[in-house]
There are 2 protein chains.
Amino acid sequence: MPPTITAFENSPDRGRGLARDMPVRWALEEVGQPYDVRLVSFSAMKQPAHLALHPFGQIPTYEDGDLALFESGAIVLHVAERHDGLLPVEANARSRAIAWMFAALSTLEPPIVELAMAMLFERDKPWYEERLPMLQDRVRVRLGELSAHLGKADWLDGAFSAGDLLTVAVLRRLNTSGLLDEYPDVAAYVARGEARLAFRRAFEAQLAVFTAASTG
Amino acid sequence: MPPTITAFENSPDRGRGLARDMPVRWALEEVGQPYDVRLVSFSAMKQPAHLALHPFGQIPTYEDGDLALFESGAIVLHVAERHDGLLPVEANARSRAIAWMFAALSTLEPPIVELAMAMLFERDKPWYEERLPMLQDRVRVRLGELSAHLGKADWLDGAFSAGDLLTVAVLRRLNTSGLLDEYPDVAAYVARGEARLAFRRAFEAQLAVFTAASTG
């Protein structure tokens, strides 16, 4: 039996691959692990059956035999630890790749999500225009630091790793913001991630769910 | 040689143990690993020597022989993987404890930091009072879900783990907000974490740095 993940029955991102099943699908594709998907509705996510799998009532979850996991970062790490290809073998390099996984979700993502939330929920508020540059500048600080680290390197620390996977997944939230254009090395890095065959397979798989839901 | 971590020379939290060296100190105390501390100033954090250790110019870093790490969550996981006491031995329970580590930093912390940032930087803005309930409600959603999961249990999933350590460390940011009082099970959980001997040792150590800086 392959593992089963959950994903939105009808993703609010309209198939742009920004929901959190995307990095899990991508990781599973990178290591060649087939998986099943169970789609959940917004109302089902807050019911006891799903909350038993995910205490915060979100997607994705990951079930494999006796194991039930939540949190996309933790699921990607779990997959990376059990297959070759997403973490270096050498112990120090492996710890550094995991540091980038945490950096993606704890340092890079929060200001990006804060900006996205303001654009989604506060666009009609009288303070929106005045707050926007502050939120954009918080993202720019991180992009500038990331750009300085990356330079012309292909990936964050040697070969492609789960750290790159989560970092690219997080940065893709900025694809329509215009901010990535200000940091060409970062934009090229994101494009490099999106060009990977495993990324494209994962992207097509999540897009197919959205297309089926919206035409079905 | 014990590992060396970095911490603020003069912590902006005035010794309340909210800087990110605190969870790393706590983890090292839990496993009984002595450590050295190198204090860094705000200006030194943005200089090349520190940026070589931490691409985002923050604290803490962790140096142990050839290894240099950044990101508090990654450092805590690194310590937990190399010592007994912070991760279950059984594989599935170990993966679930790591899921709680990611949940603490990726799901619980962002709305808490967003609220704290608004209180710090936007208190004098005309929109502050109107936005505050929205920010508080985002935190309440997570506290309610956490409370429903915890119930009367001592810890999140069996014995105390690195998942509890990071969750308590994140929730302590709410200690002066009044919000924890609305969720007595969560408040009791935080108090249980703060009562651990390893927490108290770590707290005293970071407080001593602040006290020395402010009286020295």
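- In the annotation of an unreviewed UniProt entry, chain A is listed under the name Glutathione S-transferase family protein and assigned to Bradyrhizobium hipponense.

## Structural notes on the overall build of chain A
- Tallying secondary structure elements over chain A gives 9 helices and 4 strands in all.
- In sequence order, chain A lays out its α and β elements as β-α-β-α-α-β-β-α-α-α-α-α-α.
- Once the C-alpha set of chain A is aligned to its principal axes, its extents read approximately 50 × 50 × 30 Å.
- Counting only residues that meet the buried cut, chain A has 54% of its 216 residues in that class.
- Excluding contacts between residues fewer than 6 apart, the proportion of contacts in chain A whose partners are at least 24 apart in sequence is 68%.
- Carbon and sulfur atoms make up 55% of the accessible area of chain A, which amounts to about 9100 Å² in all.
- Across chain A, 22 positive and 29 negative side-chain charges occur, with their mean positions spaced 2 Å apart.

## Structural notes on the interface of chain B and chain A
- Chain B puts 45 residues into the contact, and the matching count from chain A is 45 residues.
- Summed over both partners, the interface of chain B with chain A comes to about 3900 Å²; 62% of that surface belongs to carbon and sulfur atoms.
- Counting the surface chain B buries against chain A, the share from its top three residues, Phe56(B), Phe102(B) and Trp127(B), is 18%.
- Summed over the shared surface of chain B and chain A, the result is 6 salt bridges.
- Where chain B meets chain A, there are 6 residue pairs in polar contact (both at pLDDT 80 or more).
- The set of elements that each furnish at least two residues to the side of chain B that touches chain A consists of β4 (67-70), α4 (72-82), α5 (91-121) and α6 (128-150) of chain B.
- Tallying contributions element by element places α5(B) first for the side of chain B that touches chain A, with 18 residues.
- Residue classes in the side of chain B that touches chain A are distributed as 22 nonpolar, 8 polar and 15 charged.

## Looking at the sheet that holds strand β4 (residues 67-70) of chain A
All names here are of chain A.
- Read across the open sheet, the 4 strands follow the order β2-β1-β3-β4; overall the sheet is mixed. Two strands lie at the open edges of the sheet, namely β2 (36-40) and β4, each paired on one side alone. Within the sheet, the average angular offset between the axes of one strand and its neighbour, ignoring direction, is 25°.
- In this structure, strand β3 (residues 61-64) lies alongside β4, joined through 4 bridges in antiparallel fashion. By the bridge assignment for β4, Thr61 is matched with Phe70.
- Each of β3 and β4 is contacted by helix α4 (residues 72-82), which is oriented at about 130° to β4, the strand it contacts most.

## Comments concerning the domain arrangement of chain A
Residues and elements named next belong to chain A.
- What the domain assignment lists for chain A is domain 1 (4-85 + 198-215) and domain 2 (91-196).
- For domain 1 and domain 2, the distance between their C-alpha centres works out to 21 Å.
- Counting residues at the interface gives 18 residues for domain 1, matched by 19 residues for domain 2.
- With both chains or domains summed, domain 1 and domain 2 bury close to 1600 Å², and 59% of this area falls on carbon and sulfur atoms.
- Among the residues domain 1 hides against domain 2, the three largest losses belong to Leu18, Trp26 and Phe199. Together they make up 33% of the total.
- Summed over the shared surface of domain 1 and domain 2, the result is 3 salt bridges.
- We note a salt bridge from Arg94 to Glu81, for which the minimum N-O separation is 2.9 Å.
- Taken together, the connections running from domain 1 to domain 2 amount to 11 residue pairs in polar contact (both at pLDDT 80 or more).
- Elements that contribute at least two residues to the side of domain 1 that touches domain 2 include exactly α1 (21-31), α4 and α9 (197-215).
- Among the elements that make up the side of domain 1 that touches domain 2, the one with the highest residue count is α4 (5 residues).
- Tallied by class, the residues present in the side of domain 1 that touches domain 2 amount to 10 nonpolar, 3 polar and 5 charged.

## Re the nonpolar core
- In this structure, Leu143(A), Leu171(A), Leu174(A), Leu143(B), Leu146(B), Leu171(B) and Leu174(B) are the most contacted members of the largest nonpolar core, which totals 122 residues.
- Dropping the residues within four chain positions of it, Leu171(B) is found in contact with Ile112(B), Leu143(B), Leu146(B), Leu180(B), Val186(B), Tyr189(B) and Val190(B).

## Describing empty space enclosed by the protein
- Evaluated as defined, the whole model comprises 5 cavities of 30 Å³ or more.
- Approximately 110 Å³ is the volume found for the largest cavity.
- Lining the largest cavity are 13 residues, and of these Pro23(B), Glu109(B), Ala169(B), Val170(B) and Arg173(B) sit closest to its centre.
- Broken down by secondary-structure element, the contributors of at least two residues to the lining of the largest cavity are α1 (21-31), α5 and α7 (162-171) of chain B.
- A per-element tally of the lining of the largest cavity places α7(B) first, with 3 residues.
- Taken together, the residues of the lining of the largest cavity break down into 8 nonpolar, 2 polar and 3 charged.
- The two domains that each donate at least three residues to the lining of the largest cavity are domain 1 (4-85 + 198-215) and domain 2 (91-196) of chain B.
- Put simply, the second largest cavity is a space of about 100 Å³.
- Lining of the second largest cavity is provided by 13 residues; of these, Arg20(A), Pro23(A), Glu109(A), Ala169(A) and Arg173(A) occupy positions nearest its centre.

Calculation rules
Residues numbered from 1 in each chain as written. Chains lettered and ligands numbered in written order. Predicted model: local features only at pLDDT ≥ 70, side-chain atom pairs only at ≥ 80, totals over all residues. Heavy atoms only, no water. Helix = DSSP H or I, 4+ residues; strand = E, 2+ residues; numbered from the N terminus. Buried < 20%, exposed > 50% of the residue type's maximum accessible area, 1.4 Å probe, protein only. Contact = heavy atoms within 4.5 Å. Areas by Shrake-Rupley, 256 points an atom, 1.4 Å probe, with all protein chains shown as cover. Lys, Arg positive; Asp, Glu negative; His and termini not counted. Charge placed at Lys NZ, Arg CZ, Asp CG, Glu CD. Buried area = accessible area lost by both parts, 1.4 Å probe. Salt bridge = Lys/Arg side-chain N within 4 Å of Asp/Glu carboxyl O. Polar contact = N/O pair within 3.5 Å; in protein donor to acceptor, adjacent residues only side chain to side chain. Nonpolar A, V, L, I, M, F, W, Y, C, P; charged D, E, K, R; others polar. Pairing = 2+ DSSP bridges. Axes fitted to C-alpha atoms, helices over the stretch in contact; angles between N-to-C directions. Domains from an automatic or database assignment. Core = buried A, V, L, I, M, F, W, Y, C linked by side-chain atoms within 4.5 Å. 1 Å grid on protein atoms, 1.4 Å probe; cavity = no way out; pocket = protein on both sides within 12 Å on 5 of 7 lines; lining within 4 Å. Points joined across faces, edges and corners; volume = space filled by probe spheres on them.

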